[in-house]
Amino acid sequence: MVKEECKPESLMMSYGYKPELSEGAIKSPIFQTSTFVFKTAEAGKAFFELAYGLREKGSREEPGLIYSRINNPDVEILENRLTLWDKAEECAVFESGMAAITTLLLEFLRPGDLLLHSAPVYGGTDHFIEKILVKFGIQSVPFYAHDSKAAVIDKIERSGKAGRLAMIYIETPGNPTNALIDIEMCRAIADQFSVSGKQVYVAVDNTYMGPLWQHPLKFGADFVLYSATKYIGGHSDVIAGACLGSAGLIKRVKNLRTFLGNMAGPWSSWLLLRSLETLKVRMECQAANAVRVAEFLAGHPKVEKVYYPSLLPKIHPQYRIYRKQCLSPGAMLSFDIRGGEAEAFKFLNSLRLMKLAVSLGGTESLAEHPATMTHIDVSDCERKIMSISEKLIRISVGVENVGDLISDIDQALSAV
Ligand SMILES: Cc1ncc(COP(=O)(O)O)c(C=O)c1O
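Residues numbered from 1 in each chain as written. Predicted model: local features only at pLDDT ≥ 70, side-chain atom pairs only at ≥ 80, totals over all residues. Heavy atoms only, no water.

(A) Representation of the overall build of the protein in the model. If you tally the helices and strands in the protein, you get 15 helices and 12 strands. At 22 Å, the protein has a C-alpha radius of gyration in line with the 22 Å of a compact globule built from 416 residues. Expressed along its principal axes, the backbone C-alpha trace of the protein runs to roughly 75 × 55 × 35 Å. Scored against the burial criterion, the 416 residues of the protein give a buried share of 54%. Contacts in the protein between residues at least 24 apart in sequence constitute 73% of all its contacts with a sequence separation of at least 6. For the protein, the exposed area adds up to about 18,400 Å²; of that, 56% sits on carbon and sulfur atoms. For the protein, the centre of its 46 positive side-chain charges and the centre of its 48 negative side-chain charges are spaced 2 Å apart. (Helix = DSSP H or I, 4+ residues; strand = E, 2+ residues; numbered from the N terminus. Rg over C-alpha atoms; globule rule 2.2 N^0.38 Å. Buried < 20%, exposed > 50% of the residue type's maximum accessible area, 1.4 Å probe, protein only. Contact = heavy atoms within 4.5 Å. Areas by Shrake-Rupley, 256 points an atom, 1.4 Å probe, with all protein chains shown as cover. Lys, Arg positive; Asp, Glu negative; His and termini not counted. Charge placed at Lys NZ, Arg CZ, Asp CG, Glu CD.)

Right, dumping it as structure tokens:
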């Protein structure tokens, strides 16, 4: 089937795989090999020339398999399938979400550059920006979901490095309160600070919405990033990451990946191929469950506030971003319990079906306390700005029976 004829979910079982190359096996075998045999020395030479960009690919030429740090069939099939959801030209997969994020930042930032990023971003990303990029002379400026376009531009100008703005990096919806950032607004700001010969890039960590519910490239982003550990993997049993974008830009990402050596291996890639076959059914079930859980929480007397996009007041500017950008409210939600840390901990300790753990997007529902767990490293002042208080609880909704999930939450709230 050609990709234009079918929806991505129909292609997840077959796209990019030729059974005739693998003894007719219906599923791609795990190509657990470090290196590949060349038919002739000339073929080996031709493969290397292409891999190192020493000449352009011939019109009928296929890049050959060389060595699994450069390419591997499971990795390539996975990359091809992932491009379908985001309608990206190319994809590079990594052994973790952090590997995808850090490789992208290292490839496109130079000493003296300025990085503008939304806050909060995932703790690992924040650490890399604040503690590691600074060692390379890269300065960063955060902005918040409630900042207007004018306020963001003002932040860039007041940094004194507007001329060195190289990238706008955002996470939307933000973790843990689902704060939304307008991707088109970021594109417009990036264009305003781009000059001929120096484009300001826009990168979106799309982990929270996954490949199904938000397509940042459509709104002008240059890169989409995933912790594939989350919805893409979906079973809490693999760590992986992905970066998608145009062929020219992903070629640069893959080039650095070859030398950092942080590509996904055949086994992780094979696991993700298996996960992708059920991505849509899993995510749809998770979102349907999340809507019911959010509505239940919103009506509960022990709950002060629920952070879930479809529950935003219709006139709220954030609601407009949600309707424009997202195809679903998603399966991540947070809520403020009445009380503080003691009440939040009592709730978490009383859960029976849901597990008390960080991470998200898996088949099982997980609950955690951001202020003392995932966001413990965030300063008190920043936590306050972002509503990450001691009464906040984050839930990743899974595929369990929704009645069982609500009963579990109900009994845990009763115990408080
Ligand atoms: C939004 C987001 N981005 C990136 C990451 C990092 O991904 P990984 O743990 O796969 O390296 C995470 C991990 O929790 C995340 O939640």
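(B) Region of interest: helix H3 (residues 73-86). With 14 residues, H3 extends 21 Å from end C-alpha to end C-alpha; this agrees with the ideal 20 Å at 1.5 Å per step. Within H3, 12 of the 14 residues are buried, which leaves it mostly tucked inside the rest of the structure. Turning to H3, its buried residues are Pro-73, Asp-74, Val-75, Ile-77, Leu-78, Glu-79, Arg-81, Leu-82, Thr-83, Leu-84, Trp-85 and Asp-86. Its side-chain oxygen at 2.9 Å from the backbone nitrogen of Asp-74, Asn-72 defines the N-terminal cap of H3. (Expected span 1.5 Å × (residues − 1). Polar contact = N/O pair within 3.5 Å; in protein donor to acceptor, adjacent residues only side chain to side chain.)

(C) Here's a closer look at the pairing of strand S6 (residues 223-227). The buried count for S6 comes to 5 of 5 residues, which makes it a mostly enclosed element. Here S6 shows no split at all, with Phe-223, Leu-225 and Ser-227 on one side and Val-224 and Tyr-226 on the other all buried. As judged from the 3 bridges shared by strand S5 (residues 201-205) and S6, these two strands associate in the parallel manner. Along S6, the bridge assignment pairs Ala-203 with Phe-223. Both S6 and strand S7 (residues 241-245) contribute to a ladder of 5 bridges, which runs antiparallel. Residue Leu-225 lies in a different strand from S7, and its bridge partner there is Cys-243. (Pairing = 2+ DSSP bridges.)

(D) Region of the structure containing the sheet that holds strand S11 (residues 366-368). Strand order in the open sheet formed by 5 strands is S8-S9-S12-S11-S10, with mixed pairing between adjacent strands. Only two strands of the sheet have a single partner each, and these edge strands are strand S8 (303-307) and strand S10 (355-356). Packed on one face of the sheet, helix H13 (residues 341-350) meets strand S9 (332-337), S10, S11 and strand S12 (392-396) and runs near 130 degrees to S9. (Axes fitted to C-alpha atoms, helices over the stretch in contact; angles between N-to-C directions.)

(E) Seen up close, the pattern of salt bridges. Within this structure, the stated rule accounts for 20 salt bridges. We note a salt bridge from Lys-254 to Glu-90, for which the minimum N-O separation is 3.7 Å. One end of the pair, Lys-254, is in helix H9 (residues 247-260); the other, Glu-90, is in strand S1 (residues 90-94), with 164 residues separating them in the sequence. The exposure class of Lys-254 is partly exposed, given its relative accessible area of 22%. Asp-380 is the partner of Arg-383 in a salt bridge, and the nearest nitrogen-oxygen pair spans 2.9 Å. Pair noted here: Arg-383 and Asp-380 are both in helix H14 (residues 380-385), with a separation of 3 residues, about one helical turn. With relative accessibility at 58%, the residue Asp-380 sits in the exposed group. Within this structure, Glu-79, Glu-90, Lys-254 and Arg-257 form a network of salt bridges that share partners. (Salt bridge = Lys/Arg side-chain N within 4 Å of Asp/Glu carboxyl O.)

(F) Representation of a nonpolar patch on the surface within the structure. Among the surface-exposed residues, Phe-48, Tyr-52, Leu-54 and Phe-259 lie close enough to one another that they form a single nonpolar patch of about 460 Å² accessible area. Checked against the element boundaries, Tyr-52 lands in the loop between helix H2 (41-51) and H3. For Tyr-52, a relative accessible area of 46% puts it in the partly exposed group. (Patch = residues over 30% accessible without salt bridge, like charges linked within 9 Å, V, L, I, M, F, W, Y side chains within 5 Å.)

(G) Local environment of the site of the ligand. Surveying the vicinity of the ligand reveals the residues Ser-96, Gly-97, Met-98, Ile-101, Tyr-122, Glu-171, Asp-205, Thr-207, Ser-227, Thr-229, Lys-230 and Ala-240. Here an oxygen atom of the ligand sits 2.6 Å away from a polar atom, N or O, in the side chain of Thr-229. Taking Lys-230, its side chain carries an N or O atom lying 2.8 Å from an oxygen atom of the ligand. Per element, the largest residue contribution to the shell around the ligand is 3 residues, and it comes from helix H4 (residues 97-108). (Near = heavy atom within 4 Å.)

(H) How the structure looks around the sheet that holds S6. If you walk across this open sheet you meet the 7 strands as S1-S7-S6-S5-S4-S2-S3, and the pairing is mixed. Edge positions in the sheet fall to S1 and strand S3 (139-144), since each has one partner strand and no second. Each strand of the sheet is rotated relative to its neighbour by a mean of 20 degrees, with strand direction disregarded. Strands in contact with H4 are S1, strand S2 (114-119), strand S4 (165-171), S5, S6 and S7; relative to S6, the strand with the most contacts, it is inclined by about 150 degrees. Its contacts with the sheet place H9 against S1, S5, S6 and S7, and it is angled at close to 25 degrees to S1.

(I) Quick peek at the packing of H4 against H9. One can describe the packing of H4 onto H9 by two numbers: an axis separation of 9 Å at closest approach and a directional angle of 110 degrees. Considered as vectors, H4 and H9 are oriented roughly perpendicular to each other. Of the residues in H9, those in contact with Thr-103, Leu-104, Leu-106, Glu-107 and Phe-108 of H4 are Leu-249, Arg-252, Val-253, Leu-256, Arg-257 and Leu-260. A class-by-class count of the residues in the contact of H4 with H9 yields 7 nonpolar, 1 polar and 3 charged. (Parallel < 35°, antiparallel > 145°, perpendicular 65-115°, else oblique. Nonpolar A, V, L, I, M, F, W, Y, C, P; charged D, E, K, R; others polar.)

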